Amino acid sequence: MGKKPPLPPWLEHAALVKKKMKDRGFKMADRVQICTHCGEYAEETWSLKGGQGLGGRDICACMNCGWARSWRGQGAARLLEEPFDLIGFLGIAPRG
Ligand SMILES: [Zn+2]
């Protein structure tokens, strides 16, 4: 009877991550990409459309390894944050 290692937060809270992203107005693209970090076909892309004068935000998050990237704004002024703390951004506290 071994002790089960705790799941990483993006897996343990996978449903909550999706719900919170939707609550914030993000729309999930219907394509999944290969994660540049772990090489698994598990990277989801979420987009938030900004209003006028407000930049949107795009987030790529791997549901396998948890690696996330985020872009703010649009066009040449896009600002990349990598790695991006998706769990912190959504206010999901890791257990423990
Ligand atoms: Zn990955």
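Residues numbered from 1 in each chain as written. Predicted model: local features only at pLDDT ≥ 70, side-chain atom pairs only at ≥ 80, totals over all residues.

**Let's talk about the environment of T45**
- Positionally, T45 belongs in strand β2 (residues 41–48).
- With 17 C-beta atoms packed within 10 Å, T45 lands in the partly exposed category.
- When neighbours within four sequence positions are excluded, T45 is seen to be in contact with A29, R31, Q33, D58 and C60. (Helix = DSSP H or I, 4+ residues; strand = E, 2+ residues; numbered from the N terminus. Buried ≥ 20, exposed ≤ 12 C-beta atoms within 10 Å, placed from the backbone. Contact = placed C-beta atoms within 7 Å.)

**Description of the sheet that holds strand β5 (residues 79–81)**
- Overall, antiparallel pairing links the 5 strands, which are arranged β1-β2-β3-β4-β5 in an open sheet. Edge positions in the open sheet fall to β1 (27–34) and β5, since each of these has one partner strand only. Each neighbouring strand pair of the sheet contributes to a mean axis angle of 20°, computed without reference to strand direction.
- Bridging between β1 and β2 involves 5 bridges; their strand directions are antiparallel. Among the inter-strand pairings, M28 is bridged to a residue of β2, identified as W46. (Pairing = 2+ DSSP bridges. Axes fitted to C-alpha atoms, helices over the stretch in contact; angles between N-to-C directions.)

**Quick notes on the nonpolar core**
- Of all hydrophobic cores here, the largest spans 14 residues; its most connected members are I59, A61, A68 and L86.
- For this core, the secondary-structure elements that each account for two or more residues are α2 (14–23), β3 (57–62) and α3 (86–89).
- It is β3 that contributes the most residues to this core, 4 residues altogether.
- Among all residues touching L86, those that are not within four sequence positions of it are W10, I59, A61 and A68. (Core = buried A, V, L, I, M, F, W, Y, C linked by C-beta atoms within 7 Å.)

Read these as geometric descriptors, not functional statements.
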